[in-house]
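# Inside the fold
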Amino acid sequence: MATRISLRNARFQQLQTLLTNRNKRHRAGQFIVQGVRPITMAVEHGWEIQALLYDGERRLSQWARDLLAAHPHTEHVKMSPDLLAELAEKDEAELLAVVAMRPDDLNRIEAGQDLLGVVFDRPTQPGNIGAVIRSADAFGAHGVITTGHSADAYDPKAVRATTGSFFAMPVVRSPSPAAVVSWVEERRAAGLPIVVVATDEGGEADVSAFDLTQPVLLLVGSETDGLTRAWRDAADVTLSIPMTGSASSLNAANAATVVLYEARRQRLAGR
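Residues numbered from 1 in each chain as written. Predicted model: local features only at pLDDT ≥ 70, side-chain atom pairs only at ≥ 80, totals over all residues. Heavy atoms only, no water.

### Brief notes about the overall build of the protein
Stated precisely, the cut-off is as follows: We count a stretch as a helix when DSSP gives it H or I for four or more residues in a row; a strand needs E for two or more, and each element gets its number in order from the N terminus. Here the radius of gyration uses the C-alpha set of atoms, whereas the globule reference equals 2.2 Å times the residue count to the power 0.38. Each residue gets one of three labels from its accessible area relative to the maximum for its type: buried under 20%, exposed over 50%, partly exposed in between, using a 1.4 Å probe on protein chains only. Contact between two residues is taken to exist if any of their heavy atoms lie within 4.5 Å; hydrogens are not considered. Positive residues here are Lys and Arg, negative ones are Asp and Glu, while His and the chain termini are left out of the count. To locate a charge, take NZ of a lysine, CZ of an arginine, CG of an aspartate or CD of a glutamate.
On a plain count of helices and strands, the protein comes out with 10 helices and 12 strands. A compact globule built from 271 residues would reach a C-alpha radius of gyration of about 18 Å, and the protein, at 20 Å, matches this within 12%. With the C-alpha coordinates of the protein rotated into their principal frame, the extents come out at 60 × 40 × 35 Å. Out of the 271 residues belonging to the protein, those deemed buried represent 49%. Here the analysis covers contacts within the protein between residues at least 6 apart in sequence; of these, 79% occur between residues at least 24 apart. Within the protein, one finds 28 positive and 32 negative side-chain charges whose respective centroids are separated by 5 Å.

If you want it as structure tokens, here you go:
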């Protein structure tokens, strides 16, 4: 049995806060997912779907009908097209999903001999978090960690920018570098020789000359201030990306993509 929302009532306002209010989103432990591919990826990777919101005044696509049929015990919410469009942040959406968050537990990241992880320190733009997650997924990384006071990886702009990759790999927030450094040290003590790699235009070595086939945790600094002193001290090596032209540096997401690609290239070449 579907419930119906046709007015901006308390339930609608509650759903709206999942888009606009980070604190309430995390207190609820829920976020809204927009788009066919992201919702499909969430389902395929076993994320908990807590509600399906759909246009109650149109004939739904086969994809939407199949999704509703596959989740008979999930809350189904019929919505007026204008209210659904507000939550979708675009016209002509037919279905959105309310999905449960996963815990910020660093142990969700598989730390094997082929570890390739990314730390994004104090990112300010949700879209850049999404871009880093998308590149990490594309080039075989095992997880992305955000640290410090940062934009929210569950922000709809961040989730949208991943085009579904958000659901394929662990994305974990750690309040400070200390917890991540402790996680690294525990794994080193257990025999995993993780190398913590930072990037900087004045790096000690060219990224292509460094062995990225070993277990690597890549550090990416904030878009405005770069890496904190704590992260610079934690890095085992600082690498540079060779460039020509007048640009002195790349933005954070582009720099991460270059290093992740190089790691993937080396790992494929070494097989």
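On we go from here.
### A closer look at unusual backbone geometry
Positioned with a positive phi, R122 is a non-glycine residue whose angle comes to about 50 degrees. Following the sequence through the fold, R122 ends up in the loop between β6 (116-121) and α6 (126-138). A positive phi angle, close to 50 degrees, is found at T163, a residue other than glycine. Counting through the fold element by element, T163 comes out in the loop between α7 (156-161) and β8 (171-174). Given the relative accessible area of 28%, T163 is considered partly exposed.

### Some details on the environment of L60
Here L60 is to be found in the loop between β3 (49-55) and α4 (62-70). Given the relative accessible area of 10%, L60 is considered buried. A C-alpha to C-alpha distance of 33 Å links L60 and S135, two positions 75 residues apart in sequence. Ignoring any residue separated from it by four or fewer positions in sequence, one finds L60 in contact with Y54, D55, R65, L68 and E94.

### A closer look at the pattern of salt bridges
Basically, it comes down to this: Any carboxyl oxygen of Asp or Glu within 4 Å of a side-chain nitrogen of Lys or Arg constitutes a salt bridge here.
All chains considered together, the criterion is met by 11 salt bridges. Across the pair E57 and R4 runs a salt bridge, and its minimum N-O distance is 3.5 Å. Residue E57 is located in the loop between β3 and α4, and its partner R4 is located in strand β1 (residues 3-5); the two are separated by 53 residues in the primary sequence. A salt bridge links D152 to R25; the nearest nitrogen and oxygen atoms lie 2.8 Å apart.

### Here's the deal with the sheet that holds β6
How we decide: Strands are labelled as partners when DSSP assigns at least two bridges between them. All axes here are fitted lines through C-alpha atoms, helices being fitted over the stretch that makes contact, and every angle between N-to-C directions spans 0 to 180 degrees.
Spatially, β8-β7-β6-β11-β9-β12-β10 is the arrangement adopted by the 7 strands of the open sheet, whose pairing is parallel. In the strand order of this sheet, the two ends are held by β8 and β10 (205-206), each with one partner. When strand β9 (residues 195-199) meets strand β12 (residues 237-240), the two strands line up parallel, connected through 3 bridges. Bridge pairing links A198 to T238 in β12. The strands that helix α8 (residues 177-189) touches are β6, β7 (143-147), β8, β9 and β11 (216-220); relative to β9, the one it contacts most, it runs at about 140 degrees. Sheet strands touched by helix α10 (residues 252-269): β6, β9 and β11. Its angle to β11, the strand with the most contacts, is close to 160 degrees.

### Structural notes on the packing of α6 against α10
Between two packed helices, both the angle of their axes relative to each other and the distance between the axes serve to describe the pair. Operational definition: For classification purposes, angles smaller than 35 degrees are called roughly parallel, those larger than 145 roughly antiparallel, those between 65 and 115 roughly perpendicular, and all remaining angles oblique. Each residue gets one label: Ala, Val, Leu, Ile, Met, Phe, Trp, Tyr, Cys and Pro are nonpolar, Asp, Glu, Lys and Arg are charged, and the others, such as Gly, are polar.
Relative to each other, α6 and α10 sit at 10 degrees, their axes nearing to 9 Å. Classified by the angle their axes make, α6 and α10 are roughly parallel. On α10, the residues that touch N128, A131, V132, S135 and A136 of α6 are A253, A256, T257 and L260. Among the residues making up the contact of α6 with α10, the classes are represented as 6 nonpolar, 3 polar and no charged.

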